[in-house]
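Per-entry structural report
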Amino acid sequence: MNFRSPIKHCRNCGASVVYRVPDDGDTKERAVCPACDTIHYENPLNVVGTVPYFGERVLLCKRNIEPRWGKWTLPAGFMELGESTAEGAARETQEEAGAQFEMEGLFTVLSVPRVGQVHLFYRARLLSDVFDPGFETIEARLFTESEIPWEEIAFRTVRETLEHFFADRARGHFGVHSFDIT
Ligand SMILES: [Zn+2]
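What you see as residue numbers is a count from 1 along each chain, following the sequence as written. In keeping with the model being predicted, local features are shown solely for residues with a pLDDT of at least 70 and side-chain atom pairs are shown and tallied solely at 80 or more, while totals for entire chains, interfaces and linings include all residues. Excluding hydrogens and water, the side-chain figures rest on all heavy atoms present in the structure.

Overview of the nonpolar core
- With 21 residues, the main nonpolar core has Val58, Leu60, Leu74 and Leu162 as its most contacted residues.
- Per the convention used, a helix needs a DSSP run of H or I reaching at least four residues, while a strand needs a run of E reaching at least two, with both numbered from the N terminus. Broken down by secondary-structure element, the contributors of at least two residues to this core are strand E4 (45-54), strand E5 (57-63), strand E8 (101-112) and helix H2 (156-171).
- Counting residues per element, this core draws most heavily on H2, at four residues.
- Once you skip the residues sitting within four places of it in the chain, Leu162 turns out to touch Val58, Leu60, Leu74, Ile148, Trp150 and Ile153.
- Side-chain atoms within 4.5 Å link the members of a nonpolar core, which is a set of buried Ala, Val, Leu, Ile, Met, Phe, Trp, Tyr and Cys residues. The buried label applies to any residue whose accessible area, calculated with a 1.4 Å probe on protein chains only, is under 20% of its type's maximum; exposed applies above 50%, and partly exposed to all values in between. In this structure, Ala99, Phe101, Leu126 and Phe131 belong to the second largest nonpolar core, which totals 11 residues. Note on contacts: a residue pair is in contact if any heavy atoms of the two residues lie within 4.5 Å.

A closer look at unusual backbone geometry
- Cis rather than trans, the peptide bond between Glu66 and Pro67 has omega equal to -5 degrees.
- As for its placement among the helices and strands, Pro67 is situated in the loop between E5 and strand E6 (72-73).
- In this structure, Asp37 is a non-glycine residue whose phi angle is positive, near 70 degrees.
- On the basis of relative accessibility, which here comes to 56%, the residue Asp37 falls in the exposed class.
- The residue Arg68 is not glycine, and still its phi comes out positive at about 65 degrees.

What to know about the coordination of the zinc ion
- Nitrogen, oxygen and sulfur within 2.8 Å of a metal are treated as its donors, or within 3.2 Å for sodium, potassium and calcium (Na, K, Ca); water is not counted, so a site can appear incomplete. Looking at the metal site, the zinc ion is ligated by Cys10 (SG), Cys13 (SG), Cys33 (SG) and Cys36 (SG), spaced 2.3 to 2.4 Å from it.
- Four donors are marked tetrahedral only if all angles between them lie between 85 and 135 degrees, whereas four are marked square planar and six octahedral if opposite donors are more than 155 degrees apart and the other angles lie between 65 and 115; the remainder are marked irregular. For the zinc ion, the four donor atoms are set out with angles of 103 to 117 degrees between them, so the coordination reads as tetrahedral.
- Within one chain, the residues donating to the zinc ion are spaced in sequence as C-x2-C-x19-C-x2-C. In this pair, Cys13 sits in the segment before strand E1 (18-20) while Cys33 sits in the loop between strand E2 (30-32) and strand E3 (39-40), placing the two residues 20 residues apart along the sequence.

Concerning the sheet that holds E1
- Here three strands make up an open sheet; going across it, the order is E1-E2-E3 and the pairing antiparallel. Looking along the sheet, the strands with just one partner apiece sit at the ends: E1 and E3.
- Looking at chain direction, E2 and E3 are connected through two bridges and run antiparallel. Looking across to E3, one finds that Val32 is bridged to Ile39. Only when DSSP finds a minimum of two bridges between them are two strands counted as paired.

Notes on the pairing of strand E9 (residues 117-126)
- Extensive coverage of E9 is indicated by the burial of eight of its 10 residues.
- Here E8 folds back onto E9, and the loop between the two strands holds four residues, one of which, Gly116, carries a positive phi near 65 degrees.

Here we look at the packing of aromatic side chains
- Ring pairs are drawn from Phe, Tyr and Trp, using the six-membered ring of Trp, whenever the two centres fall within 6.5 Å, and their geometry is named by plane angle: stacked under 30 degrees, edge-to-face over 60, tilted for the rest. Tallied over the entire structure, the rule returns six aromatic pairs.
- Measuring from centroid to centroid gives 4.9 Å for Trp72 and Phe143, while their planes differ by 80 degrees, and the two rings are edge-to-face. Taken as a pair, Trp72 in strand E6 and Phe143 in strand E10 (residues 137-143) lie far apart in primary sequence, 71 residues in all.
- We classify Trp72 as buried; its relative accessible area is 9%.
- Ring geometry for Phe107 and Phe174: centres 6.0 Å apart, planes at 75 degrees, overall edge-to-face. With Phe107 in strand E8 and Phe174 in the loop between H2 and strand E11 (177-180), this residue pair connects regions lying 67 residues apart in the sequence.

Considerations on H2
- To estimate how far a helix should extend, the number of its residues minus one is multiplied by 1.5 Å. An ideal rise of 1.5 Å per residue puts 22 Å on 16 residues; H2 measures up with 23 Å between its terminal C-alpha atoms.
- Among the residues of H2, Thr157, Val158, Glu160, Thr161, Leu162, Phe165, Phe166 and Asp168 are the ones counted as buried.
- Directly beyond the C-terminal end of H2, a positive phi value near 85 degrees is found at Gly172.

A short note on the layout of surface pockets
- Considering only enclosed or pocket space, the largest pocket measures out at about 620 Å³ in volume.
- Mapped by element, the contributors of at least two residues to the lining of the largest pocket are strand E7 (76-78), helix H1 (85-97), E9 and H2.
- In terms of residue count, the dominant contributor to the lining of the largest pocket is H2 (four residues).
- Under the convention adopted here, Pro, Cys and the residues Ala, Val, Leu, Ile, Met, Phe, Trp and Tyr are nonpolar, Asp, Glu, Lys and Arg are charged, and Gly plus all remaining residues are polar. Of the residues in the lining of the largest pocket, the class split is 14 nonpolar, five polar and 11 charged. Put simply, the grid is 1 Å and covers the protein atoms alone, a cavity is a trapped set of points that fit a 1.4 Å probe, a pocket is an open set with protein on both sides within 12 Å along at least five of seven lines, and lining residues have an atom within 4 Å of a point. Grid points are joined across faces, edges and corners, and a volume is the space filled by probe spheres set on the points.

Take it as geometry only, folks, not as evidence of what the structure does.
What follows is the structure, encoded as structure tokens:
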């Protein structure tokens, strides 16, 4: 199953690659270069984000980008090389919401094998209820649990993270939740 566009050219020498099982005991098809024998491994990507909260309310961003334009999401995006998961989550929160916040603990770890991704959300305590969202966000605003537009949430990982957040808050204790989206 391919989650991304197939690799066409060798990253090392530029020759056309072929997809086949390498001869080294591997069991999966890889993009193999017949010219220089480079094997191109493709692995899941990390999506990192936060659950920013201000008192009883949680910050959601209305997406100004595809996919799911106009739907609400927690601030999150692809981790960049050279940053930690928490640094990436903080950067996305800054970029998408322009929020002032303090990072707290890891909250959810979600495997999404269907799209080859792992999503990690941290709790983040907002220091202000004034936001300055970037171009990826139409609007950033706070919602109480009863105000959350559950039918308008962009992604299942976000919906399940929000459900866990309000359940833990009601219990008075935040755990770390790891589960699979299948
Ligand atoms: Zn090559």
